[in-house]
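Residue-level listing of the chains:
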Amino acid sequence: MQLTKKFVKAKNPCAGGYKWFIRDHNGQGDYQAVLDALVADGRVSDACWLLDQFGPTDAVLKLDAVDANAIVFAGTLEVRMGINVDTVVRAGRSIVTGGGIRAGETIMAGENISAAANIASGGDVRAGGDIHADWGIEAATRLECRGNVRAKWDICAGQDLAVTGHLHAGQDIHAQGAIKCGQGIKAGGDVRAEKEINADCGIQAGGTIHCGDHLASGWGMIAGADIRAEGSIRAGEGVHADGMIRAGDGHGVYAGLSVRLDAWSVCARVVAQARPAQLVSGYWAGQDAVRGGVDDAADIDTESDIAAGTRRHIQGDGGNAGAARGLSANPALA
């Protein structure tokens, strides 16, 4: 794509950036060549603005490694080893690397971000598609993804964590802001947020689920330890904790909000070591259900029934509750 003075001026650029384009490129130039020149001149924010205005290309840049102040590429960036930049790594389409990605300020892709090691940013991590890391994902500020986020280790955000698809971590998920997920949340360890946690589908944690505000899931919740919130706890189906279930002072625990009353005993069961003092709705199954599988075979079937409504959606099964009872009681974590 060739840029011209008229083409660029129509986008209402800042005065400094437009003067640079006239002075250094005589008011014309190849799109990617202009992006490269802006980055080389230290005008990284201008390069990002230009990419915002003119969008991605189908070009693919293949490199062995990236170690630079910044890189802004309009197409797909493929790096055999790792990416290490002082400020910004950005691609109009995808970022794919056989190593890790580290950026001092921002990691951003119009489509997917995939790394065979860590993804770590001193600022935001943003993707228009999926984000995948074979190790962990860490954003010092906001983590935002319009697809699915998956990591085999921890997923951490210094502010809000917002995901349109599924959010899966082999270990902990932690946000110092809110966690908002358009599908299900699944973690091998804890799921924690300093503010609210809201998942349109289910939430499953091998450890504790805890948040500093309201905790809500459109389907069910399962935790290998406690489920605690400083606000209310609201679930469309059942709530199952191997530890305690505790809402904040003055708030309630609401299960079965999306289940018919005559199905509560199967799909809206509340299970914990003790009955929550603030239990407002749902079918209290008693603490014996937590020990399912210890006493006899009948208890194992009971535990499967308790978890059915929750586990079926966390694992992406769109079937009904009856079909869900056939799922494993201890599904493998991502």
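Residues numbered from 1 in each chain as written. Predicted model: local features only at pLDDT ≥ 70, side-chain atom pairs only at ≥ 80, totals over all residues. Heavy atoms only, no water.

Considering the overall build of the protein chain
- Across its full length, the protein chain holds seven helices and 38 strands.
- Of all 334 residues assigned to the protein chain, the portion counted as buried reaches 49%.
- Sequence-distant contacts in the protein chain: of pairs separated by 6 or more residues, those separated by 24 or more amount to 17%.
- Accessible area for the protein chain stands at about 14,300 Å²; split by element, carbon and sulfur atoms hold 46% of it. (Helix = DSSP H or I, 4+ residues; strand = E, 2+ residues; numbered from the N terminus. Buried < 20%, exposed > 50% of the residue type's maximum accessible area, 1.4 Å probe, protein only. Contact = heavy atoms within 4.5 Å. Areas by Shrake-Rupley, 256 points an atom, 1.4 Å probe, with all protein chains shown as cover.)

Here's the deal with helix α4 (residues 44-54)
- When α4 is considered as a whole, its buried residues turn out to be Val44, Asp46, Ala47, Cys48, Leu50, Leu51 and Phe54.
- Remark: glycine 55 follows α4 within two positions and exhibits a positive phi of approximately 75°.

Notes on the pattern of salt bridges
- Within this structure, the stated rule accounts for 13 salt bridges.
- Linking aspartate 46 and arginine 43 is a salt bridge whose minimum nitrogen-to-oxygen distance equals 2.7 Å.
- A relative accessible area of 16% places aspartate 46 in the buried class.
- By relative accessible area, arginine 43 is classed as partly exposed at 25%.
- Where arginine 260 meets aspartate 262, a salt bridge forms, and the shortest distance between an N and an O atom there is 2.7 Å. Comparing arginine 260 with aspartate 262 shows no difference in burial state: the two are exposed.
- When salt bridges with common partners are traced through the structure, they connect Asp58, Arg93 and Glu111 into a single cluster. (Salt bridge = Lys/Arg side-chain N within 4 Å of Asp/Glu carboxyl O.)

Quick look at the pairing of strand β11 (residues 106-109)
- Burial along β11 is one-sided: the face carrying Ile107 and Ala109 is buried and the face carrying Thr106 and Met108 is not.
- Of the pairings in the sheet, the one linking strand β8 (residues 88-91) to β11 comprises four bridges and is parallel in character. Note on β11: the bridge partner recorded for arginine 90 is methionine 108.
- Here β11 runs beside strand β14 (residues 124-127); their pairing, made up of four bridges, is parallel. Following the sheet pairing, threonine 106 is matched in β14 by aspartate 124. (Pairing = 2+ DSSP bridges.)

A look at helix α3 (residues 31-40)
- Considered for burial, the residues of α3 that qualify are Tyr31, Gln32, Val34, Leu35, Leu38 and Val39. Along the long axis of α3, the arc covered by the buried residues comes to 160°, so they all point the same way.
- One or two residues past the end of α3 sits glycine 42, with phi positive at roughly 80°. (Arc of directions from axis to C-beta.)

Digging into the side chain of aspartate 124
- Following the sequence through the fold, aspartate 124 ends up in strand β14.
- Looking at aspartate 124, the relative accessible area reads 17%, which means it is buried.
- Engagement of the side chain of aspartate 124 in a polar contact is seen with the backbone nitrogen of arginine 142, the distance being 3.1 Å.
- Leave out the neighbours within four places in its chain, and aspartate 124 touches Glu105, Thr106, Ile107, Thr141 and Arg142. (Polar contact = N/O pair within 3.5 Å; in protein donor to acceptor, adjacent residues only side chain to side chain.)

Quick word on the confidence of the model for the protein chain
- Looking at the protein chain, pLDDT values average 84 and 78% of them are 70 or higher.
- Per-residue pLDDT stays below 50 along residues 291-334; that stretch engages in 66 contacts with residues further than four places along the chain or on separate chains. (pLDDT = per-residue confidence, 0-100.)

Details of the sheet that holds strand β17 (residues 143-145)
- Here we have 12 strands laid out as an open sheet, ordered β5-β8-β11-β14-β17-β20-β23-β26-β29-β32-β35-β37, and parallel in their pairing. A single partner strand is all that each edge strand has here, and the edge strands are β5 (71-73) and β37 (279-281).
- Two elements, strand β29 (residues 215-217) and strand β32 (residues 233-235), share three bridges in a ladder whose sense is parallel. For alanine 216, the partnering residue across the bridge sits in β32 and is arginine 234.
- The sheet strands contacting α4 are β5 and β8, and the helix crosses β8 at an angle near 15°. (Axes fitted to C-alpha atoms, helices over the stretch in contact; angles between N-to-C directions.)

Some details on the environment of isoleucine 227
- Note on placement: isoleucine 227 falls in strand β31 (residues 227-229).
- In sequence terms isoleucine 227 and alanine 241 are 14 residues apart; their C-alpha atoms lie 6.2 Å from each other.
- In this structure, isoleucine 227 is in contact with Ile209, Leu215, Met221, Ile233, Val239, His240, Ala241, Met244, Ile245 and Arg246, ignoring residues within four places of it in sequence.

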